[in-house]
Amino acid sequence: MHFQRVKGFQDIYGEQVAYYRQACAIAKELFTLFHVEELNTPILEKSEIFNRSIGENTDIVEKEMFSFLDRDGSTLCLRPEGTAGALRAYIDNGCPKELERLYYLGAMFRRENPQKGRFRQFTQIGVEFIGSSSPFTDAEVISLFDNFFNKVGLSKIAHLEINSVGCADCRRKYYEKLTAYLTPFREELCGDCTRRLLKNPLRVFDCKNPKCANIINGAPLILDNLCDMCEKQFEEVKKYLEIFKVDYTLNPRMVRGLDYYTRTAFEMTTDRLGAASALGGGGRYDKLISILGGPDISGVGFAIGLDRVIALMMEENFAIEKRVPDIYIITFPDTFEQGAALLAEVRKAGFYAIMEYEISGVKAQMKRANRSKARYAAILGEDELKENKISLKDMQTSTQQIINLTQLFNFLRSN
Ligand code: HAM
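Residues numbered from 1 in each chain as written. Predicted model: local features only at pLDDT ≥ 70, side-chain atom pairs only at ≥ 80, totals over all residues. Heavy atoms only, no water.

**Quick word on the sheet that holds strand β4 (residues 75-78)**
Spatially, the three strands line up as an open sheet ordered β2-β4-β3, and their pairing is antiparallel. This sheet does not close on itself; its edge strands, each paired only once, are β2 (44-46) and β3 (66-69). Averaged over all neighbouring strand pairs, the angle between strand axes comes to 35 degrees, with direction disregarded. As paired strands, β2 and β4 are joined by three bridges and run antiparallel to one another. Its bridge partner being in β4, E45 is matched across the sheet by C77. Where helix α2 (residues 47-54) meets the sheet, its contacts fall on β2, β3 and β4, and the angle it forms with β2 comes to roughly 70 degrees. (Pairing = 2+ DSSP bridges. Helix = DSSP H or I, 4+ residues; strand = E, 2+ residues; numbered from the N terminus. Axes fitted to C-alpha atoms, helices over the stretch in contact; angles between N-to-C directions. Contact = heavy atoms within 4.5 Å.)

Encoded structure:
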């Protein structure tokens, strides 16, 4: 019997693991520098919070949620994204008064058609700054987002795009204009766009159908139809981005796949992963917290698609720093137990140490020590042990020396 993974779900195994570890370590280091604290929310949430926040007419809510009816009659779902859960947790925890700066890292689930860079379970690193409507916060969040891609080493093949999608006020007027423009083309638009036209016209900019592209190219843009307040806010965001030295491109056609955004929206894209071009995205949400039952305050955040970042790092053959063993203990049949005792001591002293789990030939042990890339092989011969000594072989230079066991830790520390 051979069991296989569930469609769209992947194992993170072997060399991939080191890439994930490195990218997460870079993100966590940045979170410290940007004063962002960790938050962990459950993977399972009530479906209602996503229906309300992401929007009933989005692809995610319409067809991608892993929703099910629980035995008590409630409808639960595997979280498709982290923002709604983070805000639910913020509200559940009494809405702290200070600006909350939170990050989360974990699995998200969307029932999409699996392809390169698109999975049904994927990992996001997300950030939410909750409680400020200042454009400074937008720029700070975008700067953190941009810094991550710089530090990971993807800044040459990833491009930051920003836009403003306006507020409810400017959008209402804009929708009238957009609908007036699109309606005469109704017969030519694809089925999805015809539906979007009725329910959520901004979404037409998401359409990948080449037939629609020509029509949509001529459509009026939200960026040219912002109200004074949104316009001013966007100017401020751009000003702070310049101060923070963040390079970006203005993309007035960018709309996000979730309905909760107001004003600033941004994405990091690449042309190296086919259709899965977004490496991460985010924006401001001015109404979402109150929609979820919290106070009338705003937030801004992003999520990075870690699997796509890793796929790119691996494709580009990025070097990964991998810690190698400090010491590989090599024993003879009569010194195996002393070797085990030394192994425990060396580890207790904080060194990375390994030895065989059963007695084997010295030649085979040396081979494996070589393969492990250990800095030193410590050969525990009976004669040396009698004198409380150990033979240390430098695996790079192949030079060997005998040192006192009592000096081993100092030696490892200073070499
Ligand atoms: P999102 O744009 O839906 O935003 O997802 C963010 C990133 O997750 C995408 O840019 C992509 O890299 C990755 N991603 C999405 N779906 C998949 C998939 N099926 N397979 C692999 N990677 C995927 C959000 O989720 C918002 N919650 C971001 C946010 C936080 N906005 C404000 N705060």
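**Observations concerning the packing of helix α1 (residues 15-33) against helix α5 (residues 135-152)**
Across the interface, α1 lies against α5 with an axial gap of 10 Å and an inter-helix angle of 140 degrees. The angle between α1 and α5 falls in the class oblique. For the crossing formed where α1 meets α5, the hand is right-handed. Taking contact as the criterion, the partners of A23, I26, A27, L30 and F31 in α1 are, on α5, L144, N147, F148, K151 and V152. Taken together, the residues that form the contact of α1 with α5 break down as eight nonpolar, one polar and one charged. (Parallel < 35°, antiparallel > 145°, perpendicular 65-115°, else oblique. Left-handed = near helix turned anticlockwise from the far one by under 90°. Nonpolar A, V, L, I, M, F, W, Y, C, P; charged D, E, K, R; others polar.)

**Considering the packing of α2 against helix α4 (residues 83-92)**
Contact pair α2 / α4: the axes reach a minimum separation of 9 Å and the direction vectors enclose 110 degrees. With respect to α4, the axis of α2 lies roughly perpendicular. Two packed elements cross with a definite hand, and for α2 against α4 that hand is right-handed. Contacts between α2 and α4 involve I49, F50 and S53 from the first element and A84, G85 and R88 from the second. When the residues that make up the contact of α2 with α4 are grouped by side-chain class, the tally is three nonpolar, two polar and one charged.

**Observations concerning the domain arrangement of the chain**
Per the domain assignment, the segments making up the chain are domain 1 (15-167 + 227-315) and domain 2 (327-414). For domain 1 and domain 2, the distance between their C-alpha centres works out to 48 Å. (Domains from an automatic or database assignment.)

**So, the nonpolar core**
Within the largest apolar cluster, 98 residues are counted, with the highest numbers of intra-cluster contacts made by F148, F149, L154 and F205. Every residue in contact with L154, bar those within four places of it in the chain, is listed here: F149, V309, L312 and F318. Judged by nonpolar contacts, the second largest core, of 19 residues, contains I327, L342, Y376 and L385. (Core = buried A, V, L, I, M, F, W, Y, C linked by side-chain atoms within 4.5 Å. Buried < 20%, exposed > 50% of the residue type's maximum accessible area, 1.4 Å probe, protein only.)

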